[in-house]
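# Architecture and fold: a report
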Amino acid sequence: MIASIGLSLSLLAAAPAHGVEPAPVALQTIERLDLPRYLGTWHEIARTPNWFQKKCAADTRADYSLNPSGTVRVVNRCRTHDGELSEAIGEARRVGGPDSARLEVRFAPRWLSWLPLVWGDYWVVDLDPDYQLVAVSEPRREYLWVLARQPQVDPKAYEALLGRLRQQGFDLSRLQRSTQSSALP
């Protein structure tokens, strides 16, 4: 980790001063994720657009629960543009030690779980001390989700979170607020 930060800083120093954006520093996760405390329901407050949520128009949420195997059951739900309920069920596993904030998630069938490409990075990059507001991304910063325990979030807390994400090198110009209109079953 320190080596990659040093390499990033070296590249930054070597970049020309005109017209070239320096490479961002390696994405950092929070120091410690208390997984049992993280479990439960999270409402999507904002996200960067992605192909796998194109059909989601409103009321997007994720429900996390512990499987007997120690992995996490993931149930993502949303309302589609035609008002139907869409649901995707997956599994997440922790990468690293028992406190790691780096997880991988898959929505492919279990029999394909041996394939590395079916697992996507799920990194907790910001989390308030009360486990009420979180930002989740992946190492390239292509995807970003802001989730909260409630369907609405305090505007000051949201703006403060966005400030911390900017400091981590996120381009927030693509971030879109999510519509939360009603409770899902």
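My aim in this report is to walk through the structure given alongside it, one point at a time. The structure displayed is predicted, hence computed values, not measured ones.

Conventions and cut-offs
- Residues numbered from 1 in each chain as written.
- Predicted model: local features only at pLDDT ≥ 70, side-chain atom pairs only at ≥ 80, totals over all residues.
- Heavy atoms only, no water.
- Disulfide = S-S within 2.5 Å.
- Helix = DSSP H or I, 4+ residues; strand = E, 2+ residues; numbered from the N terminus.
- Buried < 20%, exposed > 50% of the residue type's maximum accessible area, 1.4 Å probe, protein only.
- Polar contact = N/O pair within 3.5 Å; in protein donor to acceptor, adjacent residues only side chain to side chain.
- Contact = heavy atoms within 4.5 Å.
- Salt bridge = Lys/Arg side-chain N within 4 Å of Asp/Glu carboxyl O.
- Expected span 1.5 Å × (residues − 1).
- Arc of directions from axis to C-beta.

### Looking at the state of the cysteines
By the definition in use, this model includes one disulfide. Across the disulfide, C56 is cross-linked to C78 (sulfur-sulfur distance 2.1 Å). Disulfide C56 to C78: torsion about the S-S bond roughly -70°, handedness left-handed. Of this pair, C56 sits in strand β2 (residues 56-66) while C78 sits in strand β3 (residues 72-80); the two residues are 22 residues apart in sequence, bridging distant segments of the chain. C78 gets classed as buried once you look at its relative accessible area, which sits at 2%.

### Remarks on the side chain of S178
Structurally, the position occupied by S178 is in the segment after β9 (176-177). Among the polar contacts listed, one links the side chain of S178 to the side chain of E44, at a separation of 2.7 Å. With residues near it in sequence (within four places) discarded, S178 still touches E44, I45, A46 and R47.

### Let's talk about the pattern of salt bridges
Enumeration over the complete set of coordinates arrives at eleven salt bridges. One salt bridge connects R47 with E44, and the closest N-O pair in it is separated by 2.6 Å. Using a relative accessible area of 11% as the deciding quantity, one classes R47 as buried. Given a relative accessible area of 2%, E44 falls into the buried group. Put simply, R93 and E104 hold a salt bridge, and the shortest N to O gap is 2.8 Å. One end of the pair, R93, is in strand β4 (residues 85-94); the other, E104, is in strand β5 (residues 102-106), with eleven residues separating them in the sequence. Taking the relative accessible area as the measure of exposure, R93 reaches 32% and is therefore partly exposed. Sharing partners across several salt bridges, the network here consists of R61, D63, R77 and E87.

### A look at the side chain of T60
Within the secondary structure layout, T60 lies in strand β2. Note on T60: relative accessible area 8%, which makes it buried. In contact with T60, other than residues within four places in its own chain, are H43, E44, R47, Q53, R77, C78 and Q180.

### Topic: helix α3 (residues 155-167)
In this model α3 runs 19 Å from its N-terminal to its C-terminal C-alpha over 13 residues, within 8% of the 18 Å that 1.5 Å per residue would give. Of the positions making up α3, those classed as buried are Y158, L161, L162 and L165. One side of α3 carries all its buried residues, which in axial view fall inside an arc of 100°. Across from the buried face of α3, at angles greater than 90 degrees, the exposed residues are K156 and Q167. Next to the buried residues of α3 lie β1 (40-47), β6 (120-127), β7 (133-137), β8 (144-148) and β9. Taken from the residues just after α3, G169 is the one with a positive phi, measuring 90°.

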